[in-house]
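# Close look at the chain arrangement
This is what each chain is made of:
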Amino acid sequence: MRAGLALVLTMSPALAADPCADWVPQARPQNASRDIVGQDLDAIVERGFMTFALYEDFAPYSWEDKGQPRGIDVEIARLVAEYVGVEPRFHFVAAGENLEADLLNNIWKGPVVGGAVSNAMLRMPYDSTFQCRVEQVVFPGQYQEERIAIAYREADYPDGGPVPAYFRFDTVAVENDAISDFYLTGFAGGQTAAGVRRYPTMQAAMAALNAGEVMAAMGPLAQLEFFAGEGVAVHEPPLPGLAKSKWTLGLAVHFAYRPLAYTVGDAVTEALADGRIAGIFEAYGLTHHPPQW
């Protein structure tokens, strides 16, 4: 969730009206070899594999289970590689300080020490303002609308799920320093901060809810659905004051490789149209919300 924080907190109607008003040309890698800045589509097809950067320990999106890659983003990467006609290879990476750092390290420049960039990175939020800020990257293949929701113990709320104002008195689990943490800490002048209980991950927050240690949990819809135990329901109430409770997710590709980006976009568009992406979400017990263009 951390990966989308900078994007969501910086969005505003003013920026939406003129997303590139403050555009400043950015640095680009110079005199760098292909092992650093990636490969074009022909080189990928010739060598027979395509590399994908995925966030580590980020179920249900991407994680390793006994050495095997699993998750929604893993399956989407596989269908993209199949469309290109190559084998997928996965690089599990830690979330950086912000999205710009993640893209710098994994798509257009590479880490300071060791390693190289990947051909594509998944679970990247698309927004015209953010696109202006990172012109070294293009964002094809948008496949999901991410949403913030609230999970709750049905026994504690027999008349329906809670809204943010309830957390002036009720307890709610959040991932530390995630969007929900910042939102509930500041909501209504900080009145709901007393109910917030912070956990290192959304999985840990949901474990606390399942165990009855808290009455509710707030975070990304897919994570709430995936980790919800018996007697736990999920709903999407209005979230007043939250600048953006929904945003589009897709892939990121180096700006220099437009044929690759177009091919990635075509692969995802086809898989959305024929239901394969919806089927991936269904297989993990999740609700698929396709992008609303």
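Each remark here, short or long, concerns the structure printed above.
Summary of the structure given here. (Residues numbered from 1 in each chain as written. Predicted model: local features only at pLDDT ≥ 70, side-chain atom pairs only at ≥ 80, totals over all residues. Heavy atoms only, no water.)

We now examine the overall build of the protein. Along the backbone of the protein there are 12 helices and 12 strands. Relative to its full complement of 293 residues, the protein shows a buried share of 51%. Taking contacts inside the protein between residues at least 6 apart in sequence as the whole, the part at least 24 apart equals 74%. For the protein, the computed accessible surface area is about 13,200 Å², with 50% contributed by carbon and sulfur atoms. (Helix = DSSP H or I, 4+ residues; strand = E, 2+ residues; numbered from the N terminus. Buried < 20%, exposed > 50% of the residue type's maximum accessible area, 1.4 Å probe, protein only. Contact = heavy atoms within 4.5 Å. Areas by Shrake-Rupley, 256 points an atom, 1.4 Å probe, with all protein chains shown as cover.)

Now for the nonpolar core. One recurring pattern in soluble globular proteins: nonpolar side chains tend to sit buried together. Counting 68 residues, the largest nonpolar core has M50, F52, L103 and M206 as its most contacted members. If near-sequence neighbours (up to four positions away) are discounted, F52 is found in contact with A77, V80, A81, P88, R89, F90, H91, S118, A120, L122 and L251. Formed by 19 residues, the second largest nonpolar core is a distinct cluster that contains Y152, Y157, F187 and L249. (Core = buried A, V, L, I, M, F, W, Y, C linked by side-chain atoms within 4.5 Å.)

Two descriptors summarise a pair of aromatic rings, namely the distance from one centre to the other and the angle between the planes of the rings. In total, this model carries 11 aromatic pairs according to the counting rule given. Look at Y152 and Y157: their rings are 6.0 Å apart centre to centre, the planes differ by 85°, and that puts the pair in the edge-to-face class. Ring geometry for Y183 and F187: centres 5.5 Å apart, planes at 45°, overall tilted. The buried category is assigned to Y183, whose relative accessible area is 8%. Among the residues examined, F187 registers a relative accessible area of 15% and is labelled buried. Through pairs of rings, three or more aromatic residues link up here, namely W63, F226, F227 and Y284. When the ring centre of F49 is taken as origin, the NZ or CZ atom of R47, which lies over that ring, is 4.0 Å away. (Phe/Tyr/Trp six-rings, centres within 6.5 Å; stacked < 30°, edge-to-face > 60°. Lys NZ or Arg CZ within 6 Å of the ring centre and 35° of its normal.)

Moving on: the pattern of salt bridges. Under the definition given, this model contains 12 salt bridges. Two residues, R123 and D73, come together in a salt bridge whose shortest N-O distance is 3.1 Å. With a gap of 50 residues between them, R123 in strand β5 (residues 120-126) and D73 in helix α5 (residues 72-84) connect regions that are remote in the sequence. For D73, a relative accessible area of 2% corresponds to the buried category. Between E270 and R276 there is a salt bridge, with the nearest N and O atoms lying 3.3 Å from each other. What makes E270 partly exposed here is its relative accessible area of 40%. With a relative accessible area of 30%, R276 lands in the partly exposed category. (Salt bridge = Lys/Arg side-chain N within 4 Å of Asp/Glu carboxyl O.)

Across the interface, α5 lies against helix α11 (residues 258-273) with an axial gap of 9 Å and an inter-helix angle of 115°. On the basis of the axis angle, α5 is roughly perpendicular to α11. α5 and α11 meet at a crossing whose hand is right-handed. Together, L79, V80, Y83 and V84 of α5 and T263, V264, D266, A267, V268, E270 and A271 of α11 make up the contact between the two elements. A breakdown of the residues in the contact of α5 with α11 according to their chemical character gives eight nonpolar, one polar and two charged. (Axes fitted to C-alpha atoms, helices over the stretch in contact; angles between N-to-C directions. Parallel < 35°, antiparallel > 145°, perpendicular 65-115°, else oblique. Left-handed = near helix turned anticlockwise from the far one by under 90°. Nonpolar A, V, L, I, M, F, W, Y, C, P; charged D, E, K, R; others polar.)

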